[in-house]
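Structure at a glance
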Amino acid sequence: MLVTASRKILFEPIDAQNARLLYSSMLNETGILYRITGVLYIHGWSIDSAIVKTETLGGVDDIFSIRKLDAGQMDQAQLERIENDMDMLLRGEIHMSEYLSSYPDRIQSLVLSMREDSETRLEVEIADDPATASIFLQTKDRPGILFMITQILFLLDYDIIKFEANTDQGIARDDFEIRKNTGGTITESDRKQLITVLRNNL
């Protein structure tokens, strides 16, 4: 467990292959999910379910149910490496692009796995309050898919306000509520761009 004045990262092992990751912070920092999902993917963990919520006062509380993709036993040293990587990225000691550049094989594997799935269902809707929009995605589950989605949203300068993910029988179902980091209105042009970029990369 890593605890600082502003954030907490806690792993709770469930069995040899599964664990729960709890992340809480007093601040809603840009790109939190991008960094967390990236570290989990790099270290060979899949996210089976997640609940992410930004609190009214700006803090965040995230709960992830995660699973090791290889058959090796989970050990404390491995969990500490993941915690340390997350802490290093969230404190800004290293930029995410620099971190990812140290794992070219993992990134290449991710890109190759994102082949078009004809069964993918994608909906992007602007809310009654045009400062926010919702994204619903149902697609074949693949390692790193949440990392890919959060990376796209980060690069397009969106903040994820709420997020729920579930995986069942090889199908991932993800719901996002997003807003622009600039605080501006999400337009129809923005909606179409989101659909195009997500479809082209998933």
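In this report, the structure presented in the accompanying data block is examined. Everything quoted here is computed from the prediction, not taken from an experiment. (Residues numbered from 1 in each chain as written. Predicted model: local features only at pLDDT ≥ 70, side-chain atom pairs only at ≥ 80, totals over all residues. Heavy atoms only, no water.)

1. Structural notes on helix H6 (residues 188–201)
- Here H6 spans 20 Å end to end across 14 residues, near enough to the 20 Å set by a 1.5 Å rise per residue.
- Every buried residue of H6 is listed here: Asp190, Arg191, Leu194 and Leu198. Projection of H6 onto a plane perpendicular to its axis shows the buried side chains occupying an angular sector of 100°, all on one side. Facing away from the buried surface of H6 by more than 90 degrees, the exposed residues are Ser189, Lys192 and Asn200. (Helix = DSSP H or I, 4+ residues; strand = E, 2+ residues; numbered from the N terminus. Expected span 1.5 Å × (residues − 1). Buried < 20%, exposed > 50% of the residue type's maximum accessible area, 1.4 Å probe, protein only. Arc of directions from axis to C-beta.)

2. What about the packing of aromatic side chains?
- By the definition in use, this model includes five aromatic pairs.
- Ring centres of Tyr34 and Phe147 lie 5.9 Å apart, and the angle between their planes is 10°; on these two criteria the pair is classed as stacked. Residue Tyr34 is found in helix H1 (residues 32–42), and its partner Phe147 is found in helix H5 (residues 145–155); the two are separated by 113 residues along the sequence.
- Pairwise contacts between aromatic rings join Tyr34, Tyr41, Phe147 and Phe154 into one cluster.
- A cation over an aromatic ring shows up here: Arg106 above the ring of Tyr41, its NZ or CZ 4.1 Å from the ring centre. (Phe/Tyr/Trp six-rings, centres within 6.5 Å; stacked < 30°, edge-to-face > 60°. Lys NZ or Arg CZ within 6 Å of the ring centre and 35° of its normal.)

3. Description of the pairing of strand E8 (residues 158–168)
- With 10 bridges joining them, E8 and strand E9 (residues 171–180) adopt antiparallel strand pairing. Bridge pairing in E9 places Thr167 opposite Ala172.
- The antiparallel hairpin formed by E8 and E9 contains two residues in its connecting segment, where Gln169 sits at a positive phi of about 55°. (Pairing = 2+ DSSP bridges.)

4. Here we look at the packing of H5 against H6
- Axis separation between H5 and H6 bottoms out at 11 Å; the angle between their running directions is 145°. In the crossing of H5 with H6, the sense of the turn from one axis to the other is right-handed. Contacts between H5 and H6 involve Met148, Ile149, Ile152 and Leu153 from the first element and Leu194, Val197, Leu198 and Asn201 from the second. (Axes fitted to C-alpha atoms, helices over the stretch in contact; angles between N-to-C directions. Left-handed = near helix turned anticlockwise from the far one by under 90°. Contact = heavy atoms within 4.5 Å.)

5. Observations concerning the pattern of salt bridges
- Counted under the stated rule, the structure contains nine salt bridges.
- Between Asp159 and Arg179 there is a salt bridge whose closest N-O contact spans 3.2 Å. Of this pair, Asp159 sits in strand E8 while Arg179 is found in strand E9, placing the two residues 20 residues apart along the sequence.
- On the basis of relative accessible area, Asp159 is assigned to the buried category, the value being 8%. (Salt bridge = Lys/Arg side-chain N within 4 Å of Asp/Glu carboxyl O.)

6. Focus on unusual backbone geometry
- For Asp157, which is not glycine, the phi dihedral falls at a positive 70°.
- If you trace the backbone, Asp157 turns up in the loop between H5 and E8.
- One non-glycine residue, Gln169, adopts positive backbone phi at about 55°.
- With respect to the element layout, Gln169 can be found in the loop between E8 and E9.

7. Quick word on the side chain of Lys68
- Checked against the element boundaries, Lys68 lands in strand E5 (residues 60–68).
- For Lys68, a relative accessible area of 5% puts it in the buried group.
- Separated by 3.0 Å, the side chains of Lys68 and Asp70 make a polar contact. (Polar contact = N/O pair within 3.5 Å; in protein donor to acceptor, adjacent residues only side chain to side chain.)

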